[in-house]
Amino acid sequence: MALIVQKYGGTSVGSVDRIQAVAQRVLSTVKAGNSVVVVVSAMGKTTDGLVKLASDISANPSRREMDMLLSTGEQVSIALLSMALQAVGQPAISLTGAQVGIVTEAEHTRARILRIETDRLERHLSEGKVVVVAGFQGISVTEDLEITTLGRGGSDTSAVAIAAALRANFCEIYTDVPGILTTDPRLVPDAQLMPEITCDEMLELASLGAKVLHPRAVEIARNFGVPLVVRSSWTDEPGTWVLSPSPVSRSLEGLELARPVDGVEFDTDQAKVSLLRVPDRPGVAARLFGEIATQSLNVDLIIQSIHEGNTNDIAFTVTKLSLNRAEAVSSAILPALGYHTDPSLDAPDVLVEQQVAKVAIAGAGMIGRPGVAAQMFSTLAAAGINIRMISTSEVKVSCVIAATDCDRAIAALCQTFDVTHSSLPTPAPSHSPTPPLVRGVALDLNQARLAIRHVPDRPGMAATLFQLLADQNISVDMIIQSQRCRVVEGIATRDIAFTVAQLDAEAAKRALEQAAPELGCGEIVVDRDIAKVSIVGAGMVDQPGVAARMFDALANHQINIQMIATSEIKVSCVVTKDQGVQALQVIHAAFGLSGSQKIQVPA
Ligand code: ADP
Ligand code: ASP
Ligand code: MG
């Protein structure tokens, strides 16, 4: 007999018929000899409706009252599902988050789970009841008892956390699609179902816009080794398994506050190539990285910064052995890329730096905690180390620094984050011998781009700027420093650009504007008219040409790339918002991810 946690999303409990269908599925799971805890979301679009009501009353409602309001949606669906179970003869009881004892931080609208009391759950299970728990909500127990919510989409996180706390055999997430697909079937109907995906890949996809799973749910599954499967509540198809590395036994205390960093990594076999002032037009990145791939040179990090005038800077790292060839290819291709039209600028140029190293902090616990990256930057600054290139992913922040600084950087980072660099997380096993180059493609239309002009080029600037944002709880993605130095009033400066959630853009701008004069930084420029499209796949590590194929697909459709950022298992490009969906479609097709069947999403 197994203990199973099943979670049903909004559309799966969106009507009386659907609730009855869910009751039947739960019943048959019990009849097969299992104990079942069910976690449910609010019915259909209830939560959106509640958000709308609040915004009709107030432009800036208090976060506490938002939690009071939004948590009601789930209270309706737990009661109805419990009644539906009782109506078919299955003993059941509904419980709110507070009644279970889902204890969270006191952070309204984005609380993290601290612990889950299991006594009451276990008691009802031992009485033969199905326990129906309200997802997305908890209770904070500091000073007063306060209802909290976990953030939109958070019921997935409730379910996986309960599965971890109860040490359930597995957790099933039931939704309106057959499982995790190569991309959102609402935008690309011939997206294909994948039978499995590693946690690392899913973390990236989820945080890059694939809302089929809440990234924090994947984080908990990964940290506690909870077997997790995503399935359709309309069919009996097996769905998609999310593969975790073998679990290390962790304390359930501070459940979602696990150590932010598991390991410090470094790579001294790196060299950096920068192309300065290349023209800003479709096809440039495709041409450059296409040529590099033809030479079978493996590129690690790639960044392309925002353009001043009509030009871009592109920088990438390769192994030291490949540097000469990478430089030769870059120089040879420069004339073919064409010239920019800004008369105030010098001609395009190639710069190489041979003595660089990459240091990185890694860990699933850094998700949604912007303070962690800022802490890395300030640790490096305190050691007097200047950061040349930054690349971020959900579970890793990498910095390119001078090779001579590498040992000091490792020592300082190990001390700050209390780790030894040998304790790297083991990658999740994949059942397939070679993981696909690209597992999935994601689109995020809810991002904004900020650029800070003329940031003085000295240690500590990134630390100060991103700490400011971290203090406002703003997570930053795709941080890119321009490669080109510009001298402003005798001081060398660089531009720094990054993306944030649109919701945070105004607050980020305000915080930076306040600090800019004192820090000697220039103007803050915001662009909301962007889309971020990303490819994710564990198989792209050490495989030349993957990024080039993505850039090529965009170039073939005359889609201009505004920004590029990569990590080991993802490549993200920023394009204009109105080309976002097309970009997603052409990239999905370019990697041959389309299936022969069209996925129908229930209305
Ligand atoms: P639920 O209410 O069940 O939690 P969500 O709406 O939160 O469901 O998530 C399911 C939706 O996620 C799908 O209907 C689909 O449109 C979207 N989605 C985005 N990317 C993907 C993907 N890669 N695979 C599957 N679904 C995706
Ligand atoms: N009902 C909440 C929301 O719509 C939580 C969830 O569905 O996961 O965001
Ligand atoms: Mg959801």
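Residues numbered from 1 in each chain as written. Chains lettered and ligands numbered in written order. Predicted model: local features only at pLDDT ≥ 70, side-chain atom pairs only at ≥ 80, totals over all residues. Heavy atoms only, no water.

A. Main features of the overall build of the chain. For the chain, the helix and strand inventory stands at 16 helices and 27 strands. In terms of overall size, the chain behaves like a compact globule, its C-alpha atoms giving a radius of gyration of 25 Å where 603 residues would be expected to give roughly 25 Å. Referenced to the eigenvectors of the C-alpha coordinate spread, the extents of the chain come out at roughly 80 × 55 × 50 Å. Evaluated residue by residue, the chain yields a buried proportion of 56% over its 603 residues. In the chain, the proportion of contacts linking residues at least 24 apart, taken out of those at least 6 apart, comes to 78%. Carbon and sulfur atoms provide 52% of the accessible area of the chain, an area that totals close to 23500 Å². (Helix = DSSP H or I, 4+ residues; strand = E, 2+ residues; numbered from the N terminus. Rg over C-alpha atoms; globule rule 2.2 N^0.38 Å. Buried < 20%, exposed > 50% of the residue type's maximum accessible area, 1.4 Å probe, protein only. Contact = heavy atoms within 4.5 Å. Areas by Shrake-Rupley, 256 points an atom, 1.4 Å probe, with all protein chains shown as cover.)

B. Expanded view of the site of ligand 2. Around ligand 2, the neighbouring residues are Ser 41, Ala 42, Thr 47, Glu 74, Phe 136, Arg 152, Gly 153, Gly 154 and Ser 155. Within the side chain of Ser 41, a nitrogen or oxygen atom sits 3.1 Å from an oxygen atom of ligand 2. Arg 152 places a polar side-chain atom, nitrogen or oxygen, 2.6 Å from an oxygen atom of ligand 2. In the complex, 86% of the free accessible area of ligand 2, which totals 260 Å², lies under the protein chains. In the shell around ligand 2, the residues fall into two nonpolar, five polar and two charged. (Near = heavy atom within 4 Å. Polar contact = N/O pair within 3.5 Å; in protein donor to acceptor, adjacent residues only side chain to side chain. Nonpolar A, V, L, I, M, F, W, Y, C, P; charged D, E, K, R; others polar.)

C. Highlighting the pattern of salt bridges. With the rule as written, the count across this model stands at 29 salt bridges. Between Arg 115 and Glu 117 there is a salt bridge, and its shortest N-O distance comes to 3.1 Å. Judged by relative accessible area, which is 30%, Arg 115 ranks as partly exposed. By relative accessible area, Glu 117 is classed as partly exposed at 32%. Its salt-bridge partner being Arg 494, residue Asp 457 comes within 3.2 Å of it at the nearest N-O pair. Taken together, the positions of Asp 457 in the loop between strand E20 (447–456) and helix H13 (461–471) and Arg 494 in strand E23 (residues 491–501) put the pair 37 residues apart, joining distant regions of the chain. Overall, the relative accessible area of 23% leaves Asp 457 in the partly exposed class. Each of the salt bridges in this network shares a partner with another, and the network as a whole consists of Glu 265, Asp 300, Lys 358, Lys 396 and Glu 568. (Salt bridge = Lys/Arg side-chain N within 4 Å of Asp/Glu carboxyl O.)

D. Highlighting the sheet that holds strand E14 (residues 302–304). Sheet architecture is open: 10 strands sit in the order E17-E18-E16-E13-E15-E14-E26-E27-E25-E19, paired in antiparallel fashion. Looking along the sheet, the strands with just one partner apiece sit at the ends: strand E17 (389–393) and strand E19 (440–444). Averaged over all pairs of adjacent strands, the angle between their axes in this sheet comes to 20°, without regard to strand direction. Relative to strand E25 (residues 530–536), E19 runs antiparallel, the two being bridged by five bridges. Opposite Val 441, over in E25, you have Ile 535 as the bridge partner. Each of strand E13 (263–279), E14, strand E15 (311–318) and strand E26 (563–567) is contacted by helix H9 (residues 284–294), which is oriented at about 25° to E15, the strand it contacts most. Where helix H15 (residues 546–556) meets the sheet, it contacts E14, E25, E26 and strand E27 (570–576), and its direction lies at approximately 20° from that of E27. (Pairing = 2+ DSSP bridges. Axes fitted to C-alpha atoms, helices over the stretch in contact; angles between N-to-C directions.)

This is a description of form; function is not addressed.
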